[in-house]
Amino acid sequence: LSLLLAIGESLETPFRVMDEFDVFLDPVARKIALKTLVKTAKSMEHRQFIFITPQDVSNLTTDPKLKIFTMKPPARNAIVGGPQQQTLD
């Protein structure tokens, strides 16, 4: 993550997007990474950071500099007689 932040700083882009940066991190490393990324993003007011993750972010609190948008989980079609996943038998 430090390398990605350093590369982004040298490119001077107005937007930084990180997609699924935390999916292979253990809970402790993930907490440290999120804290570091949010702190870094808040300190760079001339940049806009977008972090995309399938993980839970309920431990983060919003403020004027941090907005959290959560997507609804996908609808699973559990209706009897509805489309079913095909498997190889």
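Residues numbered from 1 in each chain as written. Predicted model: local features only at pLDDT ≥ 70, side-chain atom pairs only at ≥ 80, totals over all residues. Heavy atoms only, no water.

Undergrad: Mind showing me how you'd approach the overall build of the chain here?
TA: On a plain count of helices and strands, the chain comes out with two helices and two strands. Along the chain direction, N to C, the helices and strands of the chain fall in the order α-β-α-β. Within the chain, contacts between residues at least 6 apart in sequence are counted, and of these 61% link residues at least 24 apart. (Helix = DSSP H or I, 4+ residues; strand = E, 2+ residues; numbered from the N terminus. Contact = heavy atoms within 4.5 Å.)

Undergrad: Would you take a moment to explain the nonpolar core for this structure?
TA: One recurring pattern in soluble globular proteins is that nonpolar side chains are buried together. Within the largest apolar cluster, eight residues are counted, these being Leu5, Met18, Phe21, Leu34, Leu37, Ala41, Met44 and Phe49. Per-element accounting of this core gives the leading share, three residues, to helix 2 (residues 27–43). Excluding residues that lie within four positions of it along the chain, Phe21 makes contacts with Leu1, Leu34, Leu37, Phe51 and Ile52. (Core = buried A, V, L, I, M, F, W, Y, C linked by side-chain atoms within 4.5 Å. Buried < 20%, exposed > 50% of the residue type's maximum accessible area, 1.4 Å probe, protein only.)

Undergrad: For this particular structure, what's the right way to read helix 2?
TA: Along an α-helix, residues three or four apart share an orientation, since each turn contains 3.6 residues. Relative to the 24 Å expected for 17 residues at 1.5 Å per residue, helix 2 spans 24 Å between its end C-alpha atoms, a close match to the ideal helical length. Three or more residues of helix 2 are buried, namely Arg30, Ala33, Leu34, Leu37, Val38, Thr40 and Ala41. The buried residues of helix 2 occupy an angular sector of 165 degrees when the element is viewed end-on, so they sit on one face. Across helix 2 from its buried face, at more than 90 degrees, point the exposed residues Val28, Lys31, Ile32, Lys35, Lys39 and Ser43. At its buried positions, helix 2 is contacted by helix 1 (2–11), strand 1 (15–19) and strand 2 (48–52). Put simply, Asp26 is the residue that caps the front of helix 2, since its side-chain oxygen is 3.0 Å from the backbone nitrogen of Val28. (Expected span 1.5 Å × (residues − 1). Arc of directions from axis to C-beta. Polar contact = N/O pair within 3.5 Å; in protein donor to acceptor, adjacent residues only side chain to side chain.)

Undergrad: Whenever I open this one, the pattern of salt bridges confuses me. Can you help?
TA: Side chains bearing opposite charge may pair, as long as their charged atoms lie close to each other. In this structure the tally under the stated criterion is three salt bridges. The salt bridge involving Lys42 is made with Asp63; its shortest N-O contact spans 2.5 Å. On the criterion of sequence distance, the pair formed by Lys42 in helix 2 and Asp63 in the segment after strand 2 is long-range, its members being 21 residues apart. On the accessibility criterion, Lys42 (28% relative accessible area) is partly exposed. Among the residues examined, Asp63 registers a relative accessible area of 25% and is labelled partly exposed. Between Lys65 and Glu45 there is a salt bridge, with the nearest N and O atoms lying 2.5 Å from each other. One end of the pair, Lys65, is in the segment after strand 2; the other, Glu45, is in the loop between helix 2 and strand 2, and 20 residues separate them in sequence. Residue class for Glu45 comes out exposed when judged on its relative accessible area of 61%. (Salt bridge = Lys/Arg side-chain N within 4 Å of Asp/Glu carboxyl O.)

Undergrad: How should the side chain of Arg30 be read in this particular structure?
TA: Along the chain, Arg30 falls in helix 2. Filtering out sequence-adjacent residues up to four positions away, Arg30 remains in contact with Asp22, Leu25, Thr53, Gln55, Asp56 and Val57.

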